[in-house]
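# A structural walkthrough
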Amino acid sequence: MSVRIFLLIFAVLFVTSIHAQEAKQNNNICKSSSSAAGDEKSNTQYLQQLMKQKRTRGIVSWEKRIVFPLRIGFIQAPGTPKHTRQFAISSTIDILNEAFAEANVEFYITQIDVIYTDLKIDDLSLGAYDLYDQFSKEHDIEDMISLYLFDYDDQLCKESSGGVSCGRTGGFSYILSNRTSNIVLSKFDLEDHKVVVHEFGHFFGLYHTFERDQFGRELVSGDNCATTGDIICDTPSDPGPVYEVYVNYSKCRMIGYRDAGEDVDYTPLINNYMSYYKPCFMKEYTFTPMQLEVIRAAAESPLRMRFWE
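Residues numbered from 1 in each chain as written. Predicted model: local features only at pLDDT ≥ 70, side-chain atom pairs only at ≥ 80, totals over all residues. Heavy atoms only, no water.

## Here's the deal with helix 4 (residues 130–139)
Short version of the rule: Using a 1.4 Å probe on the protein chains alone, a residue whose accessible area is under 20% of its type maximum counts as buried, one over 50% counts as exposed, and one in between counts as partly exposed. Put simply, DSSP marks the helices as runs of H or I at least four residues long and the strands as runs of E at least two long, and each gets a number from the N terminus on. The directions considered for the arc run from the helix axis to the C-beta atoms. We call two residues in contact when some of their heavy atoms are within 4.5 Å.
Within helix 4, the full set of buried residues consists of Tyr132, Asp133, Phe135 and Ser136. Taken down its axis, helix 4 places every buried residue within 165 degrees of arc, on the same side. Residues of helix 4 that are exposed and point over 90 degrees away from its buried face: Asp130, Lys137 and Glu138. Against strand 2 (66–76), strand 3 (105–116), strand 4 (145–150), strand 7 (171–172) and strand 8 (182–186) lie the buried residues of helix 4.

What follows is the structure, given as structure tokens:
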């Protein structure tokens, strides 16, 4: 009997220990903030006004291809041998062009520079993005879009007394801002089919589908979609990745999460480039028609016209 009791106590302690060491994963791989630069809201409102004027005048046309030269800034630690992974970079730009093709926007690499610094991608977003602003001021080239490729922390998982915490930064960009002229990407996510497109989406005016800080919360019904959330009406209200547990990735939809106040189920776009969800089974990431309209309008606007070929 005593042996059985001992084994039972041991089993309980073992299971308790396992649960205490459960890994916590942070899938917030985009560090783009909707208000970090300070001019995002005013620039977005300006772009919305331009879009409204074009619709009123009936002059919406995407026949002209808009081409943007890209400068690649390959970040390396001082003293390390030069290695720019040009094939992977070219593949990443191919992925970007495929996603932006429907807006008739194209990118090509015009130069590759190696920049030596000890900074890693997670350092840039510390504080109020001070290191990022300083780096951009030192290395951005006027009237040229730069894509900076940073190293990442080798230890993506860290152990502590509370368990294991895992996470990484994939990239970020200020949203439609004139404060910088770059997009930041982790070398880990070179050739990833979502991250680079997601960050360029920010650069050309798109917010996260679950945005609520800048313009307020979008109702699940979508009744206020034109003025809240990501201010795009064909991206349904998204509660955000914290509710990913309700997502069925085989069916590519959120099931059973209902807003208590409205008594309406959330139906976010799981496979949208600007969401935070994982890939759906056998489904590609996409932009909606209204997201493409924003990208095209931003590309044509004075906010981004200075980067044209």
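## Looking at the sheet that holds strand 2
Convention followed: Strands qualify as paired when DSSP identifies two bridges or more between them.
Taken together, the five strands give an open sheet; going across it, the order is 3-2-4-8-7, and neighbouring strands pair in mixed fashion. This sheet does not close on itself; its edge strands, each paired only once, are strand 3 and strand 7. Where strand 7 and strand 8 come together, two bridges link them in antiparallel fashion. Bridged to glycine 171 within strand 8 is leucine 185.

## Let's talk about empty space enclosed by the protein
Test applied: Buriedness for pockets is judged along seven lines, at least five of which must meet protein on both sides within 12 Å for an open set on the 1 Å grid over protein atoms alone, while cavities are sets there where a 1.4 Å probe fits but cannot get out, and lining residues have an atom within 4 Å of a point. Grid points are joined across faces, edges and corners, and a volume is the space filled by probe spheres set on the points. Each residue is assigned to one class: nonpolar for Ala, Val, Leu, Ile, Met, Phe, Trp, Tyr, Cys and Pro, charged for Asp, Glu, Lys and Arg, and polar for all the others, Gly among them.
Evaluation of the coordinates by the stated rule reveals three cavities of 30 Å³ or more. Space inside the largest cavity adds up to approximately 80 Å³. Looking at the largest cavity, the residues that line it are Met51, Lys54, Arg55, Val60, Ser61, Trp62, Glu293, Arg296, Ala297 and Glu300. The calculated volume of the second largest cavity comes to roughly 60 Å³. Considering the residues around the second largest cavity, the lining is formed by Thr44, Leu47, Gln48, Leu176, Gly205, Leu206, Tyr207, Asp230, Ile231, Ile232 and Val294. Looking at the lining of the second largest cavity residue by residue, the class counts come to seven nonpolar, three polar and one charged.

## Side note on the confidence of the model for the protein
Threshold: Each residue gets a pLDDT score, which is the predictor's confidence in that residue and runs from 0 to 100.
When pLDDT is averaged along the protein, the result is 90; 91% of the residues meet or exceed 70. For residues 5–21, every residue scores under 50 in pLDDT, and the model assigns this stretch six contacts once sequence neighbours within four places are set aside.

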